[in-house]
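# Descriptive analysis of the structure
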Amino acid sequence: MRSALFAATAFFSLAVTGQSVLAAEAPYVDDRSDAEAVIRSFYSAINRQEFARAWDYFGDTRPAKDFDAFVKGYDGTESVEVKTGGVSEDGAAGSIYYNVPVAIRATAKDGSENVFAGCYTLRQVNASIQEPPFRPIFIDKGALKPSKAEFEDAVPASCRDAPPPPKKDAALEQAKKAFAAAYGDQCDKEMPGGEPLAEPDAYSLRYRDAGAEADQPERETRLFRFFCSMAAYNESAVYYVHDDVSGVRQLQFASPELDIHYENNDSEGKVEAINVTGFQTDDQLVNSEYDDATKTISSLNKWRGVGDASSAGTYLFRNGNFSLVQYDVDASYDGEINPQTVVDYNTPP
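What you are looking at is a predicted structure, and each value in this text was computed from that prediction instead of being measured.

Sheet architecture is open: five strands sit in the order S13-S14-S15-S16-S17, paired in antiparallel fashion. In the strand order of this sheet, the two ends are held by strand S13 (289–291) and strand S17 (340–344), each with one partner. Averaged over all pairs of adjacent strands, the angle between strand axes in this sheet comes to 20°, irrespective of strand direction. Here S13 pairs with strand S14 (residues 296–302) via three bridges, running antiparallel. Residue pairing across strands places Tyr-290 opposite Ile-297, the latter belonging to S14.

Here is the structure:
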């Protein structure tokens, strides 16, 4: 491969999030699930000085004339920040080719910094037609050139001669970042059974402001439901909304504070009264779902597995927000499902 590829690859590192990572601090990452993951894994190996592993992320076309030259190319590199753009793909002759726009800010050991930009192509050969040894996604070719742009603006919009990258859902991406920042350490990392987390459920809600004229255009609010955690019989979820005024914000759900009186103060006995003493907000809902037909989010918090004691809320979308309109409580552990409505603000949507 041309020397430009070798020179460019010498400036990468694992700092995909925009933070410099020194070689001694770089985590071990070996992920070939997609094109960007391969790039992260490759520079994880570089930062950890695991050059044989790094060399193996390339296909038959290598980034240097031999392995020793490849290793020597990283002598002067201290750390690198990397940004990637939208990945596009196309297929040909039993393979999928991924085109990854990138920009890097390279810091040399003498403290100097330089920005480079360009594109890399990775190849995935159809697994069903391969014979041993199996070959996962690998770096096929690429080159970076010096850029005069600021690092934050240097990522190419697309790769030349490649199909345009798919348009990203900006609202969804913002919601995902907000969820990861707030709940990355709190919520489960995978679904029950070990399956990877699915994308959040996304909905588009159209409406007119209260008092708006009939000829005024509708507004749109996007709703995103993120799975958070699963216990024995309850599953929690976190919700975000996006609109053209407030951007992305997390939903907080009103719920009543309850004063429950049982006969003889026995929580297993007969319920004498359920009083609402105030309201609080919850950042998560239990066993919840959104119904687009009624524009409502409903929740059902089981107090024990058989579900004979529970609390349930209904939140109606109107005028751009979700409001608590009904709250039911079944406080009796009697083996029957017999809730009482303790809050009722129902109005038509």
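Turning next to the environment of Arg-160. Within the secondary structure layout, Arg-160 lies in the loop between strand S5 (138–146) and helix H5 (170–183). Sequence separation of Arg-160 and Gly-194 is 34 residues, and the distance between their C-alpha atoms is 39 Å.

With that settled, consider H5. End to end, H5 covers 20 Å across 14 residues, agreeing with the expected 20 Å (1.5 Å per residue, within 8%). Buried positions along H5 lie against strand S7 (219–230), strand S8 (235–243) and strand S9 (247–250).

Atom-level detail of predicted coordinates should not be read off regions where pLDDT is low. Put simply, the protein chain has an average pLDDT of 86, and 91% of its residues get 70 or more. Here residues 1–24 is modelled with pLDDT under 50, and outside its nearest four sequence neighbours on either side it reaches 72 contacts, counting other chains as well.

We now examine the state of the cysteines. Applying the stated criterion across every chain, the model contains two disulfides. A sulfur-sulfur separation of 2.3 Å characterises the disulfide bridge that pairs Cys-119 with Cys-159. Here Cys-119 and Cys-159 share a disulfide; its torsion about the S-S bond, -105°, makes the bridge left-handed. You can see Cys-119 sitting in strand S4 (residues 113–125) and its partner Cys-159 sitting in the loop between S5 and H5, a full 40 residues away along the chain. Taken in N- to C-terminal order, the disulfide-linked cysteines of the protein chain are connected 1-2, 3-4.

So, about the packing of aromatic side chains. Inspection of every chain in the model, using the stated rule, returns 19 aromatic pairs. Ring centres of Phe-179 and Tyr-183 lie 5.6 Å apart, and the angle between their planes is 25°; on these two criteria the pair is classed as stacked. Taken together, the positions of Phe-179 and Tyr-183, both in helix H5 and four residues apart, correspond to about one turn of that helix. Both residues of the pair, Phe-179 and Tyr-183, belong to the buried class.

Counting 28 residues, the largest nonpolar core has Phe-42, Ile-46, Phe-70, Tyr-74, Leu-122 and Ile-139 as the members making the most contacts within it. Among the secondary structure elements, those contributing two or more residues to this core are helix H2 (35–47), helix H3 (51–56), strand S1 (77–84), strand S3 (95–108), S4 and S5. The leading source of residues in this core is H2, at seven residues. In this structure, Leu-223, Leu-251, Tyr-262 and Tyr-327 belong to the second largest nonpolar core, which totals 22 residues.

Calculation criteria
Residues numbered from 1 in each chain as written. Predicted model: local features only at pLDDT ≥ 70, side-chain atom pairs only at ≥ 80, totals over all residues. Heavy atoms only, no water. Pairing = 2+ DSSP bridges. Helix = DSSP H or I, 4+ residues; strand = E, 2+ residues; numbered from the N terminus. Axes fitted to C-alpha atoms, helices over the stretch in contact; angles between N-to-C directions. Expected span 1.5 Å × (residues − 1). Contact = heavy atoms within 4.5 Å. pLDDT = per-residue confidence, 0-100. Disulfide = S-S within 2.5 Å. Phe/Tyr/Trp six-rings, centres within 6.5 Å; stacked < 30°, edge-to-face > 60°. Buried < 20%, exposed > 50% of the residue type's maximum accessible area, 1.4 Å probe, protein only. Core = buried A, V, L, I, M, F, W, Y, C linked by side-chain atoms within 4.5 Å.

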